[in-house]
Every structure is written in C-alpha cells, then in structure tokens.
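The residues making up each chain are set out below.
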Amino acid sequence: MNEVPEAINRDRGGIRILPFTTMGPALQRAWDLSCQGQIEPATALAQRVHDEAVARNDEVQRALAACHLGWYCFMQAYYEEGILHVLSARDFYEAIGDRPREAWARGTHAWLLIEIGAPNEALDEAMLALERAEQSGEDRVLCFALNVVGVVYWMLGQLDRALQFAENAVGMARRIGDLVDLGRWLINLADIEAAFWKQQRETLAQIDDARLDRAIVLAHEALTLTGRTRDSWTGRIVLCSLADFHLLRGDREEAARLLADWDSQQGGMGPRSRLYYLLALGRLQCANGERLAAVRTLSECAILAEESRDLEIGVPCCQLLSDTLAELGDFEPALRWHRDFHARYTRRNTESSLARSRVAAIQYETRQLQARVEAERTRADGLEEMNRALAQEAAVLMSASMEDVLTGLPNRRGLERALLAISMDGSENYSLAMIDIDHFKQINDRFSHALGDGVLREVARALRVATSSEDRLFRYGGEEFVLLIDGGDEVQAAKTCLRICRAVRNWGWASTQAGLGVTVSIGLARSQEATTPAEVMTIADSRLYEAKNSGRDGMVFGRKPHMLRSLTVSPCLH
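Procedures and definitions
- Residues numbered from 1 in each chain as written.
- Predicted model: local features only at pLDDT ≥ 70, side-chain atom pairs only at ≥ 80, totals over all residues.
- Heavy atoms only, no water.
- Helix = DSSP H or I, 4+ residues; strand = E, 2+ residues; numbered from the N terminus.
- Buried < 20%, exposed > 50% of the residue type's maximum accessible area, 1.4 Å probe, protein only.
- Contact = heavy atoms within 4.5 Å.
- Areas by Shrake-Rupley, 256 points an atom, 1.4 Å probe, with all protein chains shown as cover.
- Pairing = 2+ DSSP bridges.
- Expected span 1.5 Å × (residues − 1).
- Polar contact = N/O pair within 3.5 Å; in protein donor to acceptor, adjacent residues only side chain to side chain.
- Salt bridge = Lys/Arg side-chain N within 4 Å of Asp/Glu carboxyl O.
- Phe/Tyr/Trp six-rings, centres within 6.5 Å; stacked < 30°, edge-to-face > 60°.
- pLDDT = per-residue confidence, 0-100.

1. Notes on the overall build of the chain
- Looking only at helices and strands, the chain features 24 helices and 8 strands.
- Counting every position in the chain, which comprises 574 residues, the buried fraction comes to 55%.
- For the chain, restricting intrachain contacts to residue pairs at least 6 apart in sequence, the fraction spanning at least 24 positions comes to 66%.
- Surface exposure of the chain reaches about 25500 Å², of which carbon and sulfur atoms provide 50%.

2. Details of the pairing of strand β3 (residues 430–437)
- Of all 8 residues in β3, 8 are buried, a share of seventy percent or more.
- Pairing analysis gives 7 bridges linking β3 to strand β5 (residues 480–486), with the strands arranged antiparallel. Counterpart to D436 in the pairing with β5 is E480.
- The pairing of β3 with strand β6 (residues 520–526) spans 7 bridges and is antiparallel.

3. Thoughts on the environment of D160
- Of note, D160 is situated in helix α8 (residues 159–176).
- Owing to a relative accessible area of 61%, D160 belongs among the exposed residues under this scheme.

4. Topic: helix α2 (residues 39–55)
- A rise of 1.5 Å per residue sets the reference length of α2, with its 17 residues, at 24 Å; its end C-alpha atoms lie 24 Å apart and thus fit the reference within 8%.
- Among the residues of α2, I39, A42, T43, L45, A46, Q47, V49, H50 and A53 are the ones counted as buried.
- The secondary structure elements touched by the buried residues of α2 are α1 (25–35), α3 (59–76), α4 (79–96), α11 (232–249) and α22 (490–505).
- Within two residues after α2, N57 carries a phi angle of roughly 60°, on the positive side.

5. Looking at unusual backbone geometry
- The backbone phi angle of N57 is positive, close to 60°, even though this residue is not glycine.
- Taking relative accessible area as the criterion, N57 reaches 62% and is therefore assigned exposed.
- Even without being glycine, R552 reaches a positive phi, approximately 65°.
- Examined against the element boundaries, R552 turns out to sit in the loop between α24 (533–549) and β7 (554–557).

6. Overview of the side chain of R106
- Mapped onto the fold, R106 is located in helix α5 (residues 99–115).
- At 3.4 Å, the side chain of R106 and the side chain of E94 are in polar contact.
- Residues in contact with R106, not counting those within four places in the same chain, are R90, E94, E125, L128, A129 and R132.

7. A word on the pattern of salt bridges
- Scanning the model with the defined rule gives 34 salt bridges in all.
- Look at the salt bridges and you will find they share partners, linking R90, D91, E94, R99, E102, R106, E125, E131 and R132 into a network.

8. Here we look at the pairing of strand β4 (residues 472–477)
- Of the pairings in the sheet, the one linking β4 to β5 comprises 5 bridges and is antiparallel in character. Among the inter-strand pairings, F474 is bridged to a residue of β5, identified as V482.
- Between β4 and β5, which pair antiparallel in sequence order, lie 2 residues; one of them, G478, sits at a positive phi of approximately 55°.

9. As for the environment of V504
- Within the secondary structure, V504 is located in helix α22.
- For V504, a relative accessible area of 0% corresponds to the buried category.
- Once the C-alpha coordinates of V504 and L463 are considered, the two residues, 41 residues apart in sequence, prove to be 7.5 Å apart.
- Leave out the neighbours within four places in its chain, and V504 touches A462, W509, V518, T519 and V520.

10. A word on helix α9 (residues 179–203)
- Given a rise of 1.5 Å per residue, 25 residues ought to cover 36 Å, and the 36 Å separating the end C-alpha atoms of α9 matches this to within 8%.
- Counting buried positions along α9 gives 19 out of 25 residues, so the element sits mostly inside the fold.
- Where α9 begins, the side chain of D178 points an oxygen toward the backbone nitrogen of V180, at a separation of 3.1 Å.

11. Quick notes on the packing of aromatic side chains
- Counted by the stated rule, this structure contains 12 aromatic pairs.
- Relative to W111, the ring of F74 lies with its centre 4.8 Å away and its plane at 40°, an arrangement referred to as tilted. Of this pair, F74 sits in helix α3 while W111 is found in helix α5, placing the two residues 37 residues apart along the sequence.
- Residue F74 is classed as buried on the basis of its relative accessible area, which comes to 1%.
- Look at W111 and F144: their rings are 6.4 Å apart centre to centre, the planes differ by 40°, and that puts the pair in the tilted class. Here the residue W111 occupies a position in helix α5, and F144 occupies one in helix α7 (residues 139–155), the gap between them amounting to 33 residues.
- You can call W111 buried: its relative accessible area is 5%.
- Feature note: the residues W71, F74, W111, F144, W185 and W233 constitute an aromatic cluster, connected by ring pairs.

12. Some thoughts on the confidence of the model for the chain
- Per-chain confidence: the chain averages 81 in pLDDT, with 81% of residues scoring 70 or above.
- For the chain, per-element mean pLDDT is lowest for helix α17 (residues 348–379), which scores 43, and highest for β3, which scores 96.
- Long-range and interchain partners of residues 343–367, a stretch whose pLDDT sits below 50, account for 30 contacts in this model, where long-range means more than four residues apart.
- Here residues 568–574 scores under 50 on pLDDT; set against residues more than four positions off or in separate chains, the count is 22 contacts.

Set out below in structure tokens:
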C-alpha cells in the first residue's frame, strides 16, 4: 500500500475518508514488517500508533491502527483481542461510509470468527465484507474479501463454493501483482484442493490424484513467492501444508525435509505458525510410528490451541492425540482428549428465570430503602440539631451497611443505591458486568471455607488492579461481583472485562495455596440494550450463565453474543 497526496482526501460529516491505500509512514512500516514475517514488531508499532491516536482523539487514525492490530492478532492467534480491535474499526467505518476499510475490517472479523468456531456468524460477516468490497470499487480489498469467503466455505466443508471463491481471489491477485497477497491466497487454494482430495479418498473407490498434484504445485509456487517477498510467516505455514501433502502421498522423507526447513525461516513465528508446525510434526511422527514423541508434540499443540482458542488446529490435534493414546493403550487420557471439544449448553432458560427473580428482589428492596429514607426525613423535619446528629449517624451506619466486611467493596446495598441513582439520573451510557468465580464450591470443598474467604479477598484485590479508579466494583453476594463502568463504549468495556479475566487467572495463587487456580466468568451488558438498570442487569446475568456454559474463564458480550476467553499471553490492549 502506497502513500497518496492528502489533497485527494474526501470529507463526510467532518471525518476524513482517506483513499484505501493511505496509511501514514508508521502504519506503512508496520505493514511492511508484517509482510516480512516480523509480526511482533508490527504489532508493537501499530499499538503505539493506536495509543497516540487515542491520546489526541484522532478517530480516523485510531480506527486504521485498530484494523491493523486486528489482522496482526489474527496472524499470532490472538483471536479474542483481534475481534475487539476490528469490531471498533468496523463500526466506525460503517458509520462514516468508508466502504473499502469497512470491507477490510469485516473480512478480518469473519476470519477471526471462523478461527474461534463461529461459522454462521463468520459467513454472514464475510458476505457483508464482499458486498462492501464490491461497492468500494477497490480491487485489492475485493481480492481479500473473495479469499475470506473462500476460507469460510472451506471451514464449513462446502468445498465447491470454497474453490470458486479462492480461485477468483488468486486470479485477481495475479492481475493486481501483489506478491505477498498472491502467496497467501495460493496456499489457501492449495489447502482447499487437498481437502477435495481427502474428501474423495473417504467417499469414492477411485480418487483423482490430480487434485493432490495441483495442491503441491500451488504450494510450491506459494513457497517460492514467500522466499522472494521474505514473508516468513506465510513461508512457515506453506512448509507445514506441503509436508502434509507429501505425507498424503506417502513420501515421509520429503515431509521431514520440509519440516526441517521450518526453523530456518527468518522473522518471528507467533503461536499460529507454531500450531501449524506442531500438528504437522505430530502427523509425521505418527506416520513414522514414533507414538510417544507424537504424544508429546500433540499435547503441546493441544495446550497451545486451547490457550489461543484455535479450533481449526485444536480439533484435529485433539482427535489425533486421542487416537494415538488409544493405540498406546492409554485409554483414560485418550477418552479425556476425545471429550475435550464437546462443550454442553444446559439450563439456559432455568437460569434466565432465576436471574429475573433476583432482579425483582433488588427492585423490591430498593423501594423499601427509599420508603425508610423518606420516613426518617419527615420525622426529623424542623429539628435542625437532631437532624444533623441523625444525618451524621445515618452516614456512618449507611457506610457500614453498604460495605462488605470481607472484601472491603461496596456490597449489594451499595449496588442497589448505585442502580437507584442511575434510574433517577436517567444515565444513558454505562456498562454493567456480572462476575462470578468459577467452581468456587469446589475450592471450599477441596481446601476449606477459610481459604475460600481468602480467595474472595484476593479476587477483590485483582478486580481493583484490573479496573480504573472511575470504575465501580461491588460484591453482589457469595462468589459474585458486579462492575459498573460509566461512559465509554462496548469495546472498551469488553477490554476491561477481558483484563479482569486475565488478572484473576494470572494472580499469584500458588502463594495462597499450592495447587490452587482461580478463574472468573463474566457477562457484560450495555445500557443501550434495555430501558432500566434492572433490565441491563438481567441481560448481564444471562450472559454470565452463557459464559459459564461455554467453558468458563471468559466473558460474553454483544447483541449477537461473543464468547471471549482469557489468554495467558497476549499483546498490550488499551
């Protein structure tokens, strides 16, 4: 992408709409680094541009940097953070009518969604990206959107459609002449051809080896291009795919030779690239009968995939790991890995009813508190000194009654007061998060109730560390907490909640008790989603239970709910 003169910028509603090829020197440098496989420096540079844009309230540059960060997060398998970035950019570009960048953001969002196992949402978003790209008239963004639609159909198993879109993307990339894009779209097309061959092998007595031959030819062309462009990130992925293709042919020596070149690639790798390598190496070790080595390799791959919430690699990895352990006669771990990706969703309607009951109880107790306050005010009318004394005493009692003794946070009554103030003030811009400690009963049962109290205190400390001084925290009761965030937007609130998940997960629990690990689940709702604070709380509570049922250690937010999981390693978010 090249610079263009500022003079040809267009204005819409006071917002500059730059030509799609405009980046600015810093983001151009970040893009060039990413195209050479230097993903971590690219991410750091884009994050700096993002933070500087936020500081000077430059929405145009902030959104552009967020789009870059979303793509670089995808390249490193930081899918949750990438979704947060591209959502903020997508909504901004949609609002100002910047069709090329909206298409870019939607395409990246679709790719991230397919990686975390949300195929229906991914297809909807990919099709919108293609529509916006066609409206934009920008060949390069249309080429990107075509490729994304092809990838989504590939992941959905609709290989005929996937092949059609992927071939169109490669053909357009050849006409445009961007060698980095061409190399990346070629390996996607090669993988789709190989998927066709595998499908034929499973369903037909006679298979067409020409498909596998074509996949290998396309992959070798991609590998040559990555060498010319120094795109080591794609180069590593191509080496893994080529090794798989040769394994399918039965050529284990060539597969081993290709994987041996993986470490020789220049530039950073990131978790995504390593996931491809570990799966390919595990397959090679299985083919060579090196089952114990394969178990070690595939276990590392499965753990890394779980931390990244990567289902594209994680699902086949766990399946292969389960099969390999079964062949070794280790049936218990084999069964455990086989069950790992079968999450169950239960009790949704029941829990929603419980949530509504709890909100109704809060409303009732709030009305009772109002009545008592009014009664005291009437009784003290005309007695100035007594009123002053009563007011001082009431302040002390009110403070004591609204503070949780164990954690030092405001308690449920404090939350009631805050919700009442919101109702009376008519506040229209806030977020409410319901936070629940995962498996808290098991902590009490396994260790002791005394240690459980200690966990509650430490979680409260972690919540304070992970939130700003303007955010309001409450202990709602038991192992539940509530966070009120005034102002901001959904993306910023989601980032705060994800930061809470990470802070609790990475807290120094070993110093509290050996073998102790603590995580939280969060449901987030925005004030714009309901008419009263009680209704907002009901939505947040419902999403909390969805987070529980979706695997815990994460959060659910959005009108089309997204489940974001805590990660042990991630880029900086602000």
